[in-house]
Amino acid sequence: MKTIENIKLMKKVLINELNQLPKENAFGDTNDSDRERLHGWIIDLTYIENFGHVCDETSEVGFWFNDECWTPLCDYENAIRDFAEHEQLLRYAAWLNM
């Protein structure tokens, strides 16, 4: 089960993704379905943040919140973790070069 900090971090990442999502994809199609999906995830995360539990156990956010990771949210979470490790390695490398 995730903590409130995990919820806030994931919500922040998804809001950033939503803000950066272009109106059209590389093929000229609209990204409306992706935009709606991100909106839904953010709404579910806000619900968890405010009430401490998921409103729908079978939603993608519900599975992610309960650590049943086979949803796209886990890809976001893994990317965040990988970036944090990469950032730390870069800091160590810069420190060693000083």
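Scroll up to find the structure this text is about.
Residues numbered from 1 in each chain as written. Predicted model: local features only at pLDDT ≥ 70, side-chain atom pairs only at ≥ 80, totals over all residues. Heavy atoms only, no water.

**Remarks on the overall build of the protein chain**
Put simply, the rule reads: Each helix is a run of DSSP H or I of at least 4 residues and each strand a run of E of at least 2, with the numbering of both proceeding from the N terminus. Two things to know: the radius of gyration comes from C-alpha atoms, and the globule rule equals 2.2 Å times the number of residues to the power 0.38. Partly exposed describes any residue whose relative accessible area lies between the buried limit of under 20% and the exposed limit of over 50%, with all areas from a 1.4 Å probe on protein chains only and scaled to the type maximum. Any two residues whose heavy atoms approach within 4.5 Å are treated as being in contact. Computed by Shrake-Rupley with a 1.4 Å probe, the accessible areas treat only the displayed protein chains as cover when residues are assessed. None of His or the chain ends enter the tally, which takes Lys and Arg as positive and Asp and Glu as negative. In this description, the location of a charge corresponds to atom NZ of lysine, CZ of arginine, CG of aspartate or CD of glutamate.
In terms of regular secondary structure, the protein chain is built from four helices and zero strands. The C-alpha radius of gyration computed for the protein chain amounts to 16 Å, which surpasses the reference 13 Å derived for 98 residues by more than 25%, pointing to a less compact arrangement than a globule. The principal-axis extent of the C-alpha atoms belonging to the protein chain is close to 50 × 40 × 25 Å. Counting the 98 residues in the protein chain, one finds 27% classified as buried. In the protein chain, once contacts between residues fewer than 6 apart in sequence are set aside, the share between residues at least 24 apart is 46%. Working note: accessible area of the protein chain is about 7000 Å², and carbon and sulfur atoms make up 56% of it. For the protein chain, the separation between the mean place of its 9 positive charges and that of its 19 negative charges on side chains is 7 Å.

**Describing the nonpolar core**
Basically, it comes down to this: Note on terminology: a nonpolar core comprises buried Ala, Val, Leu, Ile, Met, Phe, Trp, Tyr and Cys residues joined through side-chain atoms within 4.5 Å.
Counting 16 residues, the largest nonpolar core has Leu 14, Leu 45, Trp 64 and Leu 73 as its most contacted members. For this core, the elements supplying multiple residues, two or more each, are helix H1 (4–20), helix H2 (32–51), helix H3 (60–65) and helix H4 (72–96). No other element matches the five residues that H2 contributes to this core. If sequence neighbours within four positions are ignored, Leu 45 has contacts with Ile 7, Met 10, Lys 11, Leu 14, Val 61 and Trp 64.

**Section: the pattern of salt bridges**
This is how it is decided: For this analysis, a salt bridge means a side-chain nitrogen from Lys or Arg found within 4 Å of a carboxyl oxygen belonging to Asp or Glu.
In the structure shown here, the tally under the stated rule is two salt bridges. Glu 49 is the salt-bridge partner of Lys 11, the closest N and O atoms lying 2.9 Å from each other. Taken as a pair, Lys 11 in helix H1 and Glu 49 in helix H2 lie far apart in primary sequence, 38 residues in all.

**Looking at H2**
Short version of the rule: A helix is expected to span 1.5 Å multiplied by its residue count minus one. By definition, the arc is the one covered by directions from the helix axis to the C-beta atoms.
Under the 1.5 Å per step criterion, the end-to-end length of H2 is 28 Å for 20 residues, consistent within 8% with the ideal 28 Å. Leu 38, Trp 41, Ile 42, Asp 44, Leu 45 and Ile 48 are the residues of H2 that are buried. Buried residues of H2, viewed axially, fall in a sector of 160 degrees; they line one side. Counted as exposed and oriented over 90 degrees from the buried face of H2: Ser 33, Glu 36, Ile 43, Asn 50 and Phe 51.

**Quick word on the environment of Asn 31**
Among the structural elements, Asn 31 can be located in the loop between H1 and H2. The exposure class of Asn 31 is buried, given its relative accessible area of 5%. Sequence separation between Asn 31 and Asn 6 is 25 residues, and the spatial gap between their C-alpha atoms is 26 Å. Among residues more than four places away in sequence, those in contact with Asn 31 are Leu 21, Pro 22, Lys 23, Glu 24 and Asn 25.

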